[in-house]
Each structure stands twice: as C-alpha cells, then as structure tokens.
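# Structural overview
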Amino acid sequence: MSDEVPRIGVAGWPVLHSRSPMIHGFWLEKYGIAGSYGLLPIPPDDARHFFANLPVSGANVTIPYKETAFRCVDETDEQARRLGAVNTIYIRDGKTIGTNTDGYGFLAHLKATAPEWRSASGPVVLLGAGGATRAIIGALLDDGVSEIRIANRTLRRAEELENAFGERVSAHAWDQRAEILKDATLLVNTTSLGMKGNPPLDISLAQMSKGSVVYDIVYNPLETELLRQAHSLGLVSVDGLGMLLHQAVPGFELWFGHRPEVTEELRDLVVASLVEG
Ligand code: ATR
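Please read all numbers here as calculations on a predicted model, not as lab measurements. Along each chain, residues carry numbers from 1 onward, in the same order as the chain's sequence is written. Predicted model: local features are reported for residues with pLDDT of at least 70 only, side-chain atom pairs are reported and counted for 80 or more only, and whole-chain, interface and lining totals are derived from all residues. To obtain the side-chain values, all non-hydrogen atoms of the structure were used and water was disregarded.

## Focus: the domain arrangement of the protein chain
- Start and end points for every domain follow an automatic or database-based domain assignment. Domain boundaries in the protein chain define domain 1 (7-100 + 242-276) and domain 2 (103-239).
- Taken over C-alpha atoms, the centre of domain 1 sits 25 Å from the centre of domain 2.
- Contacts are assigned to residue pairs that have any heavy atoms within 4.5 Å of one another. Listed per partner, the contact involves 15 residues of domain 1 and 20 residues of domain 2.
- We define buried area as the total accessible area lost by two parts upon association, computed with a 1.4 Å probe and summed across both. In this assembly, domain 1 packs against domain 2 so that about 1,400 Å² is buried in total across both faces, 61% of it on carbon and sulfur atoms.
- Of all residues in domain 1, Arg82, Met243 and Leu274 give up the largest surface area on contact with domain 2, accounting jointly for 42% of the area buried on that side.
- Salt bridge, as used here, is a side-chain nitrogen of Lys or Arg placed within 4 Å of a carboxyl oxygen of Asp or Glu. One can count two salt bridges joining domain 1 with domain 2.
- With its nearest N and O atoms 2.8 Å apart, the salt bridge here joins arginine 82 to aspartate 142.

## Considering the site of the ligand
- Proximity is defined per residue: any heavy atom of the residue falling within 4 Å of a molecule or strand makes that residue near it. Close contacts around the ligand come from Gly128, Ala129, Gly130, Gly131, Asn152, Arg153, Thr154, Arg157, Trp174, Thr191, Ser192 and Leu193, and that covers them all.
- Two N or O atoms count as a polar contact when they lie within 3.5 Å, although within protein this holds only if one can serve as hydrogen donor and the other as acceptor, and sequence-adjacent residues are included solely when both atoms are side-chain atoms. At 2.9 Å, a side-chain N or O of arginine 153 approaches an oxygen atom of the ligand.
- The contact in question runs from an oxygen atom of the ligand to an N or O atom on the backbone of serine 192, over 3.3 Å.
- Here the open area of atoms and residues is found with the Shrake-Rupley method and a 1.4 Å probe, where only the protein chains shown may cover a residue. Protein coverage of the free-state accessible area of the ligand, which is 630 Å², stands at 66%.
- When the residues that make up the shell around the ligand are grouped by side-chain class, the tally is three nonpolar, seven polar and two charged. Throughout this entry, Asp, Glu, Lys and Arg are counted as charged residues, while Ala, Val, Leu, Ile, Met, Phe, Trp, Tyr, Cys and Pro are counted as nonpolar. The remaining residues, Gly among them, count as polar.

## Let's talk about the layout of surface pockets
- The space that makes up the second largest pocket amounts to roughly 180 Å³.
- Throughout, the protein atoms alone are placed on a 1 Å grid, and a set of points is a cavity if a 1.4 Å probe fits but cannot get out or a pocket if it is open with protein on both sides within 12 Å along at least five of seven lines; lining residues have an atom within 4 Å of a point. Around the second largest pocket, the lining comprises 15 residues; the ones closest to its centre are Gln79, Asn100, Gly103, Tyr104 and Ala139.
- A run of H or I in DSSP becomes a helix once it reaches four residues, and a run of E becomes a strand once it reaches two; helices and strands are each numbered from the N terminus. When residues of the lining of the second largest pocket are traced back to their parent elements, those giving at least two are α4 (78-83), α5 (102-113) and α6 (131-142).
- With five residues, α6 is the single largest residue contributor to the lining of the second largest pocket. Grid points are joined across faces, edges and corners, and a volume is the space filled by probe spheres set on the points.

## Quick word on the side chain of threonine 96
- Position of threonine 96 relative to the elements: it lies in strand β6 (residues 95-99).
- Accessibility expressed as a relative area gives 8% for threonine 96, which makes it buried.
- Sequence-distant contacts of threonine 96, defined by excluding residues within four places in its chain, comprise Leu54, Val73, Asp74, Glu75, Ile89, Tyr90 and Ile91. Remark: exposure states derive from per-residue accessible area (1.4 Å probe, protein chains only) relative to the maximum for the residue type, with buried under 20%, exposed over 50%, and partly exposed in between.

## Quick look at the nonpolar core
- As used here, the term nonpolar core means buried Ala, Val, Leu, Ile, Met, Phe, Trp, Tyr and Cys residues forming a set that is joined through side-chain atoms within 4.5 Å. Within the largest apolar cluster, 28 residues are counted, with the highest numbers of intra-cluster contacts made by Leu110, Leu140 and Ile148.
- At the level of secondary structure, the elements contributing two or more residues to this core comprise α5, β7 (124-127), α6, β8 (148-152), α7 (155-165), β9 (169-173), β10 (186-189) and β11 (213-216).
- Sort the elements by how many residues they give to this core and α6 lands first, with five residues.
- Within the second largest apolar cluster, 21 residues are counted, among which are Val15, Ile23, Leu28 and Leu266.

## A word on the sheet that holds strand β1 (residues 7-12)
- Here, any two strands with at least 2 DSSP bridges between them count as paired. Taken together, the six strands give an open sheet; going across it, the order is β2-β1-β3-β5-β6-β4, and neighbouring strands pair in mixed fashion. Two strands in the sheet have a free side with no partner beyond their single neighbour: β2 (36-41) and β4 (75-76).
- The pairing of β1 with β2 spans six bridges and is classified as parallel. Directly across from glycine 12, in β2, lies its bridge partner proline 41.
- For helices, the fitted axis covers only the stretch in contact; all axes are lines through C-alpha atoms, and the angles between them, taken along N-to-C directions, range from 0 to 180 degrees. With respect to the sheet, helix α1 (residues 20-30) is in contact with β1, β2 and β3 (58-61), its orientation differing from that of β2 by roughly 165 degrees.

Right, here's the structure in full:
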C-alpha cells in the first residue's frame with residue numbers, strides 16, 4: 001500500500017477492548033498528523049488472508065494473531081524472529097515487515113519509572129511463562145541482566161524458556177516463588193493473576209530488600225494487590241499501563257514518521273477509560 005494518508009489499525013479477535021486506537025488517536029491529534037487508527041476485528045477464518053494481503057498501511061496485532069501474523073508477513077526483523085510473534089506491521093518498498101515492540105515497551109517503562117534500577121545490580125525473578133514472558137526475557141537479557149529465575153505453575157513451560165534462552169535463565173517450581181526472591185532486585189509478574197476477574201497473586205515480598213523493584217504487567221486494576229504490598233514494604237512499584245503506552249511508540253514512528261511521547265496527559269486519558277470499564 002502506498003496511501004498518501006496512512007490508515008492503521010489494531011487487528012485481533014475480539015479487539016473491541018483495545019486501548020490502542022485511543023493512544024494513537026491522541027498522538028495523531030496532538031501532533032496534527034493526517035492519518036487514522038481504527039479497530040480491525042478479524043474473524044479466525046479470515047486471519048491468514050488478512051495478514052498475507054494487508055488491506056491497510058500498517059497494523060498492530062493482538063490476541064490471538066501474533067503468531068499468525070509472524071507467519072504471513074513478507075519479512076520479519078530480529079525482534080519478531082526471536083519471539084516468533086509480531087505485534088507491529090509496517091510497509092517498506094511494498095513489503096509487509098513484522099516486528100515486535102513488547103520488549104521495548106517493557107524496558108522503556110521500567111527505565112522511566114525506576115531510573116535507579118540497573119540490569120547489572122542483581123538477579124531478576126519472573127513469574128509466569130505465557131505470551132508476554134518471552135519478550136520480557138529478551139529485553140532484560142539484551143539490557144545485560146546476568147540471571148533470570150522463572151517460576152511458573154506449569155514447570156514445563158518455564159523449562160522451555162530456560163532451554164530457549166540459555167544459561168542465564170533458570171526454571172523453578174511455582175511453590176518456590178517466594179524463596180527465589182532472595183537477593184533479587186526486580187520481580188516481574190507476567191501471569192494473569194491479579195487481573196480483574198482473576199484471583200490475586202499470592203506471594204510474600206518479605207525477602208526483597210528496600211529499593212528493589214516490583215513490576216506487574218497487569219494494568220486492570222492499575223494498582224494490584226501485588227503492587228499494594230510492594231508499596232507498603234517500601235519497594236519501588238511499576239504498573240503495567242506504561243508498558244502498553246511505551247510499546248506503541250515505535251509503531252507510531254514507523255507509520256507516521258514522528259516519535260511520540262508518553263506523557264501524563266495520555267496516561268490519564270487511558271486510566272479514565274479503565275475506570276469507566
Ligand atoms: P498466554 O495466553 O499469554 O500464554 P495465559 O495462558 O493466559 O498466557 O497465562 C499466563 C500465565 O499466567 C501463565 O504463566 C499461567 O501459568 P500456566 O503456564 O501454568 O498456565 C499463569 N497463570 C494463570 N492462572 C494461574 C493460576 N491460577 N495460578 C498460577 N499461575 C497462573
């Protein structure tokens with residue numbers, strides 16, 4: 001596609017809940033850029049055809065199509081290939097190119113919210129082994145973290161990550177999750193526990209020392225019980241909304257040619273929409 005005015009959207013099924021149109025719409029208006037960003041609900045039977053013949057000038061990809069998009073675009077970059085998943089598609093020289101900005105979003109938000117945290121300062125504990133976990137591991141390893149301990153309810157899935165990422169990553173049983181926090185400088189919850197409608201994440205943070213960081217990628221509610229506990233213990237807490245906002249930055253720049261800023265104003269807008277439900 002070589003539209004004069006880029007038409008972008010978020011492709012998924014269902015996709016109605018996506019905050020991406022709000023985020024990109026905010027930036028389009030703020031920077032006075034001509035273009036649009038909408039919802040692209042794609043029924044499962046249409047997905048392969050949609051991604052192989054992209055009818056828009058670019059897209060975000062969400063559940064359940066990140067792997068389908070990976071297989072159907074013309075080219076993928078290193079980020080996407082490492083994860084086997086695409087969350088952003090752009091077009092160059094008539095070809096669709098798939099990338100993945102989830103790891104970037106995770107790390108950019110961490111550095112913005114906990115600037116004193118250093119990847120070299122100690123081990124990281126990750127809870128969960130689902131779709132988001134791989135991107136986070138990749139970003140942390142790239143940033144120089146020397147040890148990542150993963151605990152997951154299904155140990156086999158944590159072991160798969162250990163095998164995929166090599167010796168800096170180790171798998172642990174779910175009931176070890178509090179113990180392996182000893183000397184960790186960062187805990188990341190990548191499970192769906194604590195999300196509205198799910199049980200809370202049951203873990204004691206007592207082993208973590210002051211100044212350590214607790215990052216929950218759940219953003220609805222914004223302050224999970226995990227983050228509340230972190231706060232009461234004097235730990236640095238990082239919520240999941242910023243990851244969503246920051247992962248949108250590279251896509252906007254690729255489609256519209258302007259690097260946008262994540263501001264309090266944008267954050268407040270999205271927070272208000274979460275409160276409304
Ligand atoms: P995805 O679809 O991204 O793969 P998911 O299947 O929704 O993610 O699960 C996300 C993570 O939350 C997984 O690590 C999952 O653990 P399992 O691998 O054992 O399924 C974890 N999770 C979900 N419910 C959980 C629970 N009640 N207790 C512990 N972990 C849970």
